[in-house]
Amino acid sequence: YHLYGPDCIRHVDELLKLDKLTGIQWQPGAGAEPGCAPRWTPMLRKIQEAGKNLYVYARMDEVEPLCRTLDTNRMIIYITEYAETPAQAQALMDNIVRWSAPGRNN
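Note that this is a predicted model, so its numbers are computed, not measured.

Rules of the game
- Every chain's residues receive numbers from 1 upward, in the order its sequence appears when written.
- With the structure being a predicted model, the display of local features is reserved for residues of pLDDT at least 70 and the display and counting of side-chain atom pairs for 80 or more, all residues being used for whole-chain, interface and lining totals.
- As a rule here, side-chain values cover all heavy atoms of the structure and leave hydrogens and water aside.
- Two strands qualify as a pair provided that DSSP identifies no fewer than 2 bridges between them.
- Secondary structure is summarised from DSSP: a helix means a run of H or I of at least four residues, a strand means a run of E of at least two, and numbering begins at the N terminus for each.
- To get an axis, fit a line to the C-alpha atoms, keeping to the stretch in contact for a helix; angles then go from 0 to 180 degrees between the N-to-C directions.
- Contacts between residues were defined by any pair of non-hydrogen atoms, one from each residue, lying within 4.5 Å.
- Helix span is expected to be 1.5 Å times the residue number reduced by one.
- To sort residues, take the accessible area from a 1.4 Å probe on protein chains only and compare it with the maximum for the residue type: under 20% means buried, over 50% means exposed, and anything in between is partly exposed.
- It is the directions from the helix axis to the C-beta atoms that the arc portrays.

Regarding the sheet that holds strand β1 (residues 2-4)
- Strand order across the open sheet formed by four strands is β1-β2-β3-β4, with parallel pairing between neighbours. The open sheet has two free edges, formed respectively by β1 and β4 (75-79), since each of these has just one partner strand. Each strand of the sheet is rotated relative to its neighbour by a mean of 20°, with strand direction disregarded.
- Sheet topology note: the β1/strand β2 (residues 23-27) ladder contains three bridges and is parallel. The residue of β2 that forms the bridge with His2 is Gln25.

Observations concerning the side chain of Glu62
- Considering the arrangement of structural elements, one finds Glu62 in the loop between β3 (53-58) and α3 (63-69).
- Excluding its chain neighbours within four sequence positions, the residues that come into contact with Glu62 are Pro34 and Cys36.

What to know about helix α4 (residues 86-100)
- Given a rise of 1.5 Å per residue, 15 residues ought to cover 21 Å, and the 21 Å separating the end C-alpha atoms of α4 matches this to within 8%.
- Of the residues making up α4, those classed as buried are Leu92, Ile96, Trp99 and Ser100. Viewed along the axis of α4, the buried residues span an arc of 90°, placing them on a single side of the element. Along α4, exposed side chains directed more than 90 degrees from the buried face belong to Pro86, Ala87 and Val97.
- Those residues of α4 hidden inside the fold are in contact with α3 and β4.

Here you go:
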């Protein structure tokens, strides 16, 4: 389900009751804080705790907080910028694995 904008948040509880709904794509809309901003974390956690998957958008510098605060097994992150080099892309992928590891103290 594509949840677009803060006004749609009021529907989250009803959406989470739908057994056939397996995931929610969150996009806060124009003029709102990014979808991965700490303001939205409680809602994103609620979605995951209800057994649903998340699809969120983030810049490379926003990926670490997502990986450290949410269940990466239930999340797709669409990174909204390109790596400048293959090495930068590989480093991000390596960090995602590290940030997602059990314990997440790395």
